[in-house]
Amino acid sequence: MKALKERILKDGRCYPGGILKVDKFINHQMDPQLLKQIAIEFIRRYASTEINKILTIEASGIAPAIVMGLLLDLPVVFAKKKQPSTMENMLSTTVFSFTKQREYHVVISQDYLNKDDKVLFIDDFLAYGNAAKGIIDLCKQAGCELVGMGFIIEKAFQNGRKVIEEAGVRCESLAIIESLDNCEIKIR
Ligand code: 5GP
């Protein structure tokens, strides 16, 4: 996606350890026009797929997911990183965060993810695929159909796509980063 790639090159910043900061337009301050273009591109790519719900994970996946939900007139549900004491019919999995270097629990209520659902998962980044692995597990527990996963930015050198494709799930990313070596952003 041309506009996204240009924006990453203009406003993205590299940090040691293979981290790309996009907090000027996606992760902290958000550009709604760009998010709309991102949502439209995901919708185009999954146009031939039956979807009845958008799934994401807090926090940075929520903005693109809600724009998609609005455009497609579909509900949006997000997996939570903190367990609310009031959650009923909770499903839970464990995810390792490489940016924070620790494990955390991710939960979702089966009330909002169940066997009748055909869900498209949307998130900001695909890195090592740990969050994706957790989402695939939650979908399995819920008995829903995970029809695809869409990422705004994929860091190809961290190989997260392998996790998704080995699970037999379709993966689409709108900008693929080949390398962040020497703090230089190389986009495919
Ligand atoms: P994974 O689970 O695929 O290893 O990492 C995905 C999650 O980690 C994303 O939800 C994202 O929040 C965070 N993440 C991974 N790499 C980056 C990065 O380079 N920059 C930012 N801002 N977040 C990242």
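Look up a bit, the structure's there.
Thresholds, definitions, all that
Residues numbered from 1 in each chain as written. Predicted model: local features only at pLDDT ≥ 70, side-chain atom pairs only at ≥ 80, totals over all residues. Heavy atoms only, no water. Helix = DSSP H or I, 4+ residues; strand = E, 2+ residues; numbered from the N terminus. Contact = heavy atoms within 4.5 Å. Salt bridge = Lys/Arg side-chain N within 4 Å of Asp/Glu carboxyl O. Buried < 20%, exposed > 50% of the residue type's maximum accessible area, 1.4 Å probe, protein only. Pairing = 2+ DSSP bridges. Axes fitted to C-alpha atoms, helices over the stretch in contact; angles between N-to-C directions.

Participant: For the environment of Lys24, give the residues involved together with the corresponding values.
Facilitator: Within the element layout of this structure, Lys24 appears in the loop between strand S2 (19–21) and helix H2 (32–45). Taking C-alpha positions, Lys24 is 13 Å from Glu6, a pair spaced 18 residues apart along the chain. Look past the residues within four positions of Lys24 in its chain and what remains in contact with it is Arg7, Asp11 and Gln29.

Participant: Lay out the pattern of salt bridges in plain terms, naming residues and giving numbers.
Facilitator: Summed over the entire model, instances satisfying the criterion amount to 17 salt bridges. The salt bridge involving Arg170 is made with Glu172; its shortest N-O contact spans 2.9 Å. Residue classification places Arg170 among the partly exposed positions, given a relative accessible area of 32%. Three or more residues joined by partner-sharing salt bridges are found here, namely Arg7, Lys10, Asp11, Lys24 and Asp31.

Participant: So what's going on with the sheet that holds strand S3 (residues 53–57)? Residues and values would help.
Facilitator: Overall, mixed pairing links the 6 strands, which are arranged S4-S3-S7-S8-S9-S10 in an open sheet. Lying at the two open borders of the sheet, with one neighbouring strand each, are strand S4 (76–79) and strand S10 (186–187). The sheet contact formed by strand S7 (residues 118–126) and strand S8 (residues 145–155) spans 8 bridges and is parallel. Of the residues in S8, the one forming a bridge with Asp123 is Phe151. Packing of helix H1 (residues 2–11) onto the sheet brings it into contact with S8, strand S9 (171–179) and S10, and relative to S9 it is tilted by some 35 degrees. Across the sheet, helix H3 (residues 62–72) touches S3, S4, S7 and S8, and the angle it forms with S3 is around 170 degrees.

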